[in-house]
Amino acid sequence: MENRTDKNSYTILFAIGMVLVVGALLAFAASYLKPNIDENKRLEKQQNILYAMGVNENDESNANFVSTADAPELFKKYIKKQLVIQGTSVTEDDQAYLIDVKKEQANAKSGIERKLPLFVGEKDGKTFYIAPIRGKGLWDAIWAYVAMDKDMVVQGVFFDHKGETAGLGANINKRFFMDDFIGEDLKDNGVFKGIAVAKGNADPLNNDKSDNEVDAIAGATITGNGVAAMIKSELKLYVPHFETLKN
Amino acid sequence: MGLLSKKDAQLITDPLADNNPITIQVLGICSALAITAELKASLVMAISVIFVLGIGNVVISLMRNIIPSKIRIIVQLIVVAALVIIVDLVLKAFAYELSKTLSVFVGLIITNCIIMGRFEAFALGNGPWKSFLDGIGNALGYGVILIIVGFFRELFGSGTLFGIPVLGDPIAKTGLYAIGYENNGFMIMPPMALIVVGIIIWIQRTKNKALIED
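Just so we're clear, the structure is a prediction, and the values are computed from it rather than from any experiment.

(A) Looking closely at the overall build of chain B. Tallying secondary structure elements over chain B gives eight helices and two strands in all. Overall, chain B shows an N-to-C arrangement of helices and strands of α-α-α-α-α-α-α-β-β-α. Projected onto its principal axes, the C-alpha coordinates of chain B cover approximately 65 × 50 × 35 Å. Put simply, chain B has 214 residues, and 46% of those count as buried. Sequence-distant contacts in chain B: of pairs separated by 6 or more residues, those separated by 24 or more amount to 75%. Accessible surface computed for chain B: about 10,100 Å², of which carbon and sulfur atoms make up 72%. Of the side-chain charges in chain B, 15 are positive and 13 negative, and the distance between the mean point of each set is 7 Å.

(B) Seen up close, the overall build of chain A. For chain A, the helix and strand inventory stands at six helices and 10 strands. Taken across its 247 residues, chain A has 47% of its residues classed as buried. Excluding contacts between residues fewer than 6 apart, the proportion of contacts in chain A whose partners are at least 24 apart in sequence is 56%. Taken as a whole, chain A presents about 12,800 Å² of accessible surface, with 54% of it coming from carbon and sulfur. Positive and negative side-chain charges of chain A, numbering 30 and 35 respectively, have mean locations separated by a distance of 5 Å.

(C) Seen up close, the nonpolar core. Ranked by size, the top nonpolar core spans 48 residues in total, and within it I22, M45, F105 and I109 of chain B carry the most contacts. Secondary-structure elements contributing two or more residues to this core are α1 (8–52) of chain A together with α2 (29–34), α3 (39–63), α4 (72–94), α5 (96–110), α6 (113–121), α7 (128–158) and α8 (190–207) of chain B. If near-sequence neighbours (up to four positions away) are discounted, F105 of chain B is found in contact with I35, A41, V44 and M45 of chain B. L83, M148, L186 and A228 of chain A belong to the second largest nonpolar core, which has 40 residues in total.

(D) Representation of the interface of chain B and chain A within the structure. Residue-level contacts link 31 residues of chain B with 36 residues of chain A. Across the chain B to chain A interface the summed buried area is about 2,600 Å²; carbon plus sulfur atoms make up 71%. In terms of surface lost to chain A, no three residues of chain B exceed K70, L89 and Y96 of chain B, which account for 18% of the buried area on that side. Our count for the contact surface shared by chain B and chain A stands at zero salt bridges. Linking chain B with chain A are five residue pairs in polar contact (both at pLDDT 80 or more). At the level of secondary structure, the elements contributing two or more residues to the side of chain B that touches chain A comprise α3, α4 and α5 of chain B. Ranked by the residues each element gives to the side of chain B that touches chain A, the list is headed by α4 of chain B, at 11 residues. Each residue belonging to the side of chain B that touches chain A can be placed in one class, and the counts come to 23 nonpolar, three polar and five charged.

(E) Molecular detail of the pattern of salt bridges. Residues and elements named next belong to chain A. This structure, assessed with the given rule, holds 12 salt bridges over all chains. Note that K34 and D38 form a salt bridge whose closest N and O atoms lie 3.0 Å from each other. Residue K34 and its partner D38 are both found in helix α1; the two are separated by four residues, about one turn of the helix.

Reading the values: the criteria
- Residues numbered from 1 in each chain as written.
- Chains lettered and ligands numbered in written order.
- Predicted model: local features only at pLDDT ≥ 70, side-chain atom pairs only at ≥ 80, totals over all residues.
- Heavy atoms only, no water.
- Helix = DSSP H or I, 4+ residues; strand = E, 2+ residues; numbered from the N terminus.
- Buried < 20%, exposed > 50% of the residue type's maximum accessible area, 1.4 Å probe, protein only.
- Contact = heavy atoms within 4.5 Å.
- Areas by Shrake-Rupley, 256 points an atom, 1.4 Å probe, with all protein chains shown as cover.
- Lys, Arg positive; Asp, Glu negative; His and termini not counted.
- Charge placed at Lys NZ, Arg CZ, Asp CG, Glu CD.
- Core = buried A, V, L, I, M, F, W, Y, C linked by side-chain atoms within 4.5 Å.
- Buried area = accessible area lost by both parts, 1.4 Å probe.
- Salt bridge = Lys/Arg side-chain N within 4 Å of Asp/Glu carboxyl O.
- Polar contact = N/O pair within 3.5 Å; in protein donor to acceptor, adjacent residues only side chain to side chain.
- Nonpolar A, V, L, I, M, F, W, Y, C, P; charged D, E, K, R; others polar.

Rendered as structure tokens:
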């Protein structure tokens, strides 16, 4: 049965029309909503940084951020300095938390010296150094905010991911995994070693804080390896700065 | 059901059991394996698919007389992709927390073959109201299986339901764990999802012999 929708000319016109309509619709939606989305992302970064240094509303077993309404105020209160480390130069920049780590990683690859943001927070008389890092999980990007003391002993972490498997790799942002990192030393006998996400390390309760290992999540081997690799390669870049803190 | 005629009601109830998209039509298996390691993810995915399939079926049904048959598959794909992306953008702008929970599922929804399957098999040949009911019915049928599989996998794999421990604490050895029970780590791996779906199919066909193919 030949009808008008079978004609080539109609098909081509329909395809062009559809592309234009859908393209315009998506472009409009994306640009119209962009300010809201950017604002949400900005607040999320503040929440994540605060979470890592222990400013959060965690209940017994779940990870909870401070509310988005309180985030800007608390961020101002607890984050004393925002540093940008570039080679040996260290500058202060109160927008440093907006630095796109992904972009900086790409810059480093093409030979431009990378900007390393580091946030200095203070809470209850303790100083926290919080570094944003980024790596690869199984399916997509994973990233983290790691709060350390001046000796690179982890004081708190926040992990997140773009698309890890629900119930397995996605659990890196759950407290049972993140809390294991607290107290772990990134160094081994004074030399930077990182923290491995280990299977069968005979320490499921994570009592041994100096073994540079935390217990892995069953069924999430590659995500766990990604976490370990990210910590090792990214935090290593901060070692020279931490060396200067000793003097 | 006073609101729906008997035929319309069947559009909703059939896919729940005797024409279930997963166990009978064997569609949408990949997402059923991927995200059923926990109950919450199963539920979120079920709700998302109900939403997308309900609306998508209506859109395709309204367009059914103007879609050129030669490129109908790609047109269907564009409709579902556009729909999912717009919903994702709106959620990101106004319900950011929720959008983060859903982000993993966006890609899975677009490629879910139940959606393309219903567009192709039903919406292209039926009116918007019937298509809407068909979409809701099939998504519900899909969701029911997801939730059943998610329930068993989370219960036996992690000893929790919706993340809440129900069998005691496996590390402190309380509750069932005190008498030697152990979580079955294999339950949270995708192969076990396939086996659980297989068991559901088996039980369903044992109960209704008419469903057994030669």
